[in-house]
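Take a look at the letters that make up each chain.
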Amino acid sequence: MRNPFQYLVLIFMLLGVIACSDSDSFPSSPNSRLVFSSDTLRLDTVFSTIQSSTKTLWVYNRGNSKVVVETRRVENGNQTGFQVNVDGISIGKNVGYQTSEIDVRAKDSIRIFVKFLGEKVSVDSPMQVKDNLVFVLDNGREERLQLETYVWNANIIRHLSVKNDTTISTTKPIVIYGGIDIAEGSTLTIAAGTTLYFHGDAGINVNGRLICNGTADKNVVLRGDRLDKLFENLPYDRVSGQWKGIKINSSSYGNVMNYTDVHSAFDGIKIDSSNVATEKLFLNSCRIHNSLGYGLYVNHSKVRIQNTEITNSEADCLYLKDGDIDILASTIAQFYPFNARRGYAVNLLYRKANPLTFKCDNCIITGFSDDVFNISADDKDSNLNNITISNTLLRTPTIDKPRGMVLNNIMYEDVKDTISYGEKNFKTIDLKTMFFDFRLKEKAKARNNAFVTTLPSNDRRGESRVGHPDLGAFIYKEDLYYGI
């Protein structure tokens, strides 16, 4: 006698076969259609000859019967540079940019992958490129997905070795692979308005001299080469560690950076030990922002800084080990968003054998933490009389025992202050989009508290400081967009 359970299993199997047959064994009905998850797929801007990242979307069959796609094709073929993969099948040059029949079962979906191959364009400004992905159904219906991107002509430079005095001057983007090496005895000058886009393996290695001649309205910009986005509201340009940064070695002196924006590097600028009798670097109206390591790391060197913003580093924004450092009218702010164990805004290492000379005037030193200013000494009895801080807004507990430090007109911004966490000094601290604008708010504590006699004549953006005795790199003024 047969087991009744076997009959039940057989019945359910037959029902399953019949159900599948009903919905998926016949051609598409006249009303069948497919629906894309978006009517347009937009890729991020890419440099010419460099492939884009891949984006995806879904194609849905929401009907009760299968849909037969007789043809899938990229409308303009090889004329635009889009490469498409539909449900694992590439629609590229090897198949004439079209493929034949595919079925989309009832209530099912397939996935599309699209990238752009970085075709050369004839204009220097970003140019829009469009195409269409066309699905032709067996009922005669056409479903179309628009593909869009922007392509930007760029010069690609690989392993640039500067062995003679060289000037880079162009408004056309330059993408650097492998880095720039400046030989001892040679000078690389980067002209105003020039932007260098560094690939992840690239940075500037300085044995000779680096001169960046930016101006208030035409900054020199040193940044990573990713133009796409990590998330919809987060461009890679706002993600730290996109390129190596600048390394200034022991043999290098007389480096000057005017109105230069260095952002989203590993270490913004790192300086090796040298003779402190000769100036190593002068930073004037610069920006070092969003570093995965240090913003500015100085080891036993002479550095002068004014009107400069050094902000948001996973390690310290400014780390000073020995040397002779003079900072005037600058903003040093630690709001690094990606690690709660971020470093200090300013971290000083004072060694008795090579005592640090540190002078800071008319500055803002602040951040998220209650204490963003640190001094470490290798000898607890060291006299810190080479450290002078004047007319500065300082987020640290009140220094009751300065151990010889000279402190003049310090405005402490500690946990008891009504301005909490330091961010209320500034126009925008947006952790959702990683957008930061370190200009002053109207009611910032840093306003109208500078010692005018020692102020530079202009601020970080070239605005006149006359009538604006404000601390830090920026005067208060309601005007132009700033920040990344």
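Let us look at the structure shown here. (Residues numbered from 1 in each chain as written. Predicted model: local features only at pLDDT ≥ 70, side-chain atom pairs only at ≥ 80, totals over all residues. Heavy atoms only, no water.)

## Details of the overall build of the protein chain
Thinking step 1. Summing up its helical and strand segments, the protein chain has 1 helix and 42 strands in all.
Thinking step 2. Whereas a compact globule of 484 residues would reach a radius of gyration of roughly 23 Å, the protein chain reaches 30 Å, over 25% beyond that.
Thinking step 3. Along the three orthogonal principal directions, the C-alpha set of the protein chain runs to about 100 × 60 × 50 Å.
Thinking step 4. Sequence-distant contacts in the protein chain: of pairs separated by 6 or more residues, those separated by 24 or more amount to 63%.
Thinking step 5. Of the roughly 21,900 Å² of accessible surface on the protein chain, a fraction of 49% belongs to carbon and sulfur atoms.
Thinking step 6. One way to put it: in the protein chain the 56 positive side-chain charges average out to a point 1 Å from where the 55 negative ones average out. (Helix = DSSP H or I, 4+ residues; strand = E, 2+ residues; numbered from the N terminus. Rg over C-alpha atoms; globule rule 2.2 N^0.38 Å. Contact = heavy atoms within 4.5 Å. Areas by Shrake-Rupley, 256 points an atom, 1.4 Å probe, with all protein chains shown as cover. Lys, Arg positive; Asp, Glu negative; His and termini not counted. Charge placed at Lys NZ, Arg CZ, Asp CG, Glu CD.)

## Let's talk about the side chain of aspartate 131
Thinking step 1. Of note, aspartate 131 is situated in strand E11 (residues 127-137).
Thinking step 2. Reaching out from aspartate 131, the side chain makes a polar contact with the backbone nitrogen of asparagine 76 at a distance of 3.0 Å.
Thinking step 3. Once you skip the residues sitting within four places of it in the chain, aspartate 131 turns out to touch Val74, Glu75, Asn76, Gly77, Thr80, Phe82, Leu145, Gln146 and Leu147. (Polar contact = N/O pair within 3.5 Å; in protein donor to acceptor, adjacent residues only side chain to side chain.)

## Examining the pairing of strand E26 (residues 265-271)
Thinking step 1. Of all 7 residues in E26, 5 are buried, a share of seventy percent or more.
Thinking step 2. Sheet analysis places strand E23 (residues 243-248) next to E26, joined by 5 bridges and oriented parallel. Directly across from glycine 245, in E26, lies its bridge partner aspartate 267. (Buried < 20%, exposed > 50% of the residue type's maximum accessible area, 1.4 Å probe, protein only. Pairing = 2+ DSSP bridges.)

Remember, this is a structural readout, not a statement about activity or role.
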